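Structure assessment
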Amino acid sequence: MVFETLKVSWEGAVLFVEIAAPPMNLLGPELVRDLVSLIQRAEADEAVKVLVFKSADPDYFISHVDVTKIKEYRAEAAKLTGEASIALLFRYLSASRLVTIAQIEGRVRAAGNEFVLACGHALRRAREKAIFSQFEPSFGVIPGGGGAQHLARLLGRARALEVMLSAEDYDADLAERYGWINRALPADALGDFVSSLAHRIAGFPATGHVVVKDRVNAIALAPVEDFRRDPDLFGEGVRNPEFQRRTQAAFEHGFQTRDAEIDLAWMLGELRRVASSSSERNPRSAT
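Observations concerning the packing of helix α1 (residues 29-44) against helix α2 (residues 70-81)
- Between α1 and α2, the least distance of the axes is 8 Å, while the angle of their chain directions is 10 degrees. On the basis of their axis angle, the class for α1 and α2 is roughly parallel. For the pair α1 and α2, the contacting residues are P29, V32, R33, V36, I39 and Q40 in the first and E72, Y73, E76, A77, K79 and L80 in the second.

With respect to the sheet that holds strand β9 (residues 170-171)
- Read from one edge of the open sheet, 4 strands run β4-β6-β8-β9, paired in mixed fashion. Two strands lie at the open edges of the sheet, namely β4 (60-62) and β9, each paired on one side alone.
- Sheet topology note: the β4/strand β6 (residues 107-109) ladder contains 2 bridges and is parallel. Its bridge partner lying in β6, I62 is registered against V108.

Let's talk about the packing of α2 against helix α3 (residues 86-95)
- Axis separation between α2 and α3 bottoms out at 8 Å; the angle between their running directions is 40 degrees. It follows from the interaxial angle that α2 and α3 lie oblique. α3 is crossed by α2, and the crossing has left-handed handedness. Contacts between α2 and α3 pair Y73, A77, L80 and T81 from the former with I86, L88, L89 and Y92 from the latter.
- Of the residues belonging to the contact of α2 with α3, the class tally is 7 nonpolar, 1 polar and no charged.

Side note on the pattern of salt bridges
- Throughout the structure, instances matching the rule amount to 11 salt bridges.
- The partner of R109 in a salt bridge is D169, with the nearest N and O atoms 2.7 Å apart. Separated by 60 residues along the polypeptide, R109 in strand β6 and D169 in the loop between α6 (157-166) and β9 bring together distant segments of the chain.
- Assessed through its relative accessible area of 21%, D169 is described here as partly exposed.
- The salt bridge involving E225 is made with R228; its shortest N-O contact spans 2.5 Å. Taken together, the residues span about one helical turn, with E225 and R228 both in helix α10 (residues 224-238) at a distance of 3 residues.
- Residue classification places R228 among the partly exposed positions, given a relative accessible area of 27%.

Regarding the confidence of the model for the chain
- Per-residue pLDDT for the chain averages 93, and the proportion of residues at 70 or more is 92%.
- Here residues 283-287 scores under 50 on pLDDT; set against residues more than four positions off or in separate chains, the count is 3 contacts.

Brief notes about a nonpolar patch on the surface
- On the surface, V211, V212 and V216 cluster together into a nonpolar patch covering about 230 Å² of accessible area.
- Among the secondary structure elements, V212 is positioned in helix α9 (residues 206-220).

Digging into α6
- By the burial criterion, the buried members of α6 are A160, V163 and M164. In an axial view of α6, the angular spread of the buried residues amounts to 85 degrees, which keeps them on one side of the axis. Turned more than 90 degrees from where α6 packs its buried face, A158 and L165 sit exposed.
- Buried residues along α6 sit against α5 (147-155), β9 and α7 (172-178).
- At the exit of α6 stands A167, carrying a positive phi of roughly 55 degrees.

Focus on empty space enclosed by the protein
- Scanning all chains against the criterion turns up 2 cavities of 30 Å³ or more.
- The space that makes up the largest cavity amounts to roughly 200 Å³.
- Taken together, 20 residues make up the lining of the largest cavity; nearest its centre are V65, V67, A110, E136 and F234.
- Where the lining of the largest cavity is concerned, the elements lending two or more residues are α2, α4 (111-119), α10 and α11 (241-252).
- Of the residues that constitute the lining of the largest cavity, the class distribution is 13 nonpolar, 4 polar and 3 charged.
- In this structure, the second largest cavity occupies an estimated 40 Å³ of space.

Here's the deal with the nonpolar core
- Within the largest apolar cluster, 68 residues are counted, with the highest numbers of intra-cluster contacts made by L27, F61 and F132.
- If near-sequence neighbours (up to four positions away) are discounted, F132 is found in contact with I104, V108, N113, A126, E168, D169, Y170, D171, A172, A175, W180 and I181.
- Of all hydrophobic cores here, the second largest spans 14 residues; its members include F16, I101, L197 and A202.

What counts as what
Residues numbered from 1 in each chain as written. Predicted model: local features only at pLDDT ≥ 70, side-chain atom pairs only at ≥ 80, totals over all residues. Heavy atoms only, no water. Axes fitted to C-alpha atoms, helices over the stretch in contact; angles between N-to-C directions. Helix = DSSP H or I, 4+ residues; strand = E, 2+ residues; numbered from the N terminus. Parallel < 35°, antiparallel > 145°, perpendicular 65-115°, else oblique. Contact = heavy atoms within 4.5 Å. Pairing = 2+ DSSP bridges. Left-handed = near helix turned anticlockwise from the far one by under 90°. Nonpolar A, V, L, I, M, F, W, Y, C, P; charged D, E, K, R; others polar. Salt bridge = Lys/Arg side-chain N within 4 Å of Asp/Glu carboxyl O. Buried < 20%, exposed > 50% of the residue type's maximum accessible area, 1.4 Å probe, protein only. pLDDT = per-residue confidence, 0-100. Patch = residues over 30% accessible without salt bridge, like charges linked within 9 Å, V, L, I, M, F, W, Y side chains within 5 Å. Areas by Shrake-Rupley, 256 points an atom, 1.4 Å probe, with all protein chains shown as cover. Arc of directions from axis to C-beta. 1 Å grid on protein atoms, 1.4 Å probe; cavity = no way out; pocket = protein on both sides within 12 Å on 5 of 7 lines; lining within 4 Å. Points joined across faces, edges and corners; volume = space filled by probe spheres on them. Core = buried A, V, L, I, M, F, W, Y, C linked by side-chain atoms within 4.5 Å.

Listed below in structure tokens is the structure:
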């Protein structure tokens, strides 16, 4: 399997998939296209049971969507689900017969986090330096890839609201305590643990994988209609002038550049103060 943004290696019934989409693993049309192709080809091969996703970039797993190419990446997602929605693409992955494990090293935010949560009905792993965030409400919009659906079920109402409304970065230890991820493991133990786990799962019957995922999803995975509604609301939100003003300000502060987003939570806090100062200078803009 040869892709533009994915490097795939095969070990028995396990595919190890390394995400390599410089400069910071943004979820754009190229990465979505490759994920769609990978899922289609892996599902068509009965010898494949487990997918392990990791990153070639030590600082970023998947950062977030490329907000300059929303229409383009949605069009690529539609090639799998028939609908222009990464939320439905991610839900498709959750419901797939394939067992998916995210070996997280570095930052995973917004749609990147939603991708990890889609793997979450299998297993997620994180090292001590991994960072998690669902920051879309800081721009005035709802997460559009299913984040609200997953986080409310995993974390509970209060913590899900905290995570999304604060737009803060959460380290792996706190994410593990919240139930956001399965385990936070030391860096030197992570790779061996994930590999051993993946091969152990792959050694059991695929029929067991399918029926267990089906029954767990029946309890824990939100209905398709909820995954349709959130991207619709996100699409409405990105057309709002407030979103566009905040996005423009974010780009002026280095948004979607790897160095500036190392501490994205700090940047978002600065943007909040800028917006507050602007409202104070022009009170009519706050009404």
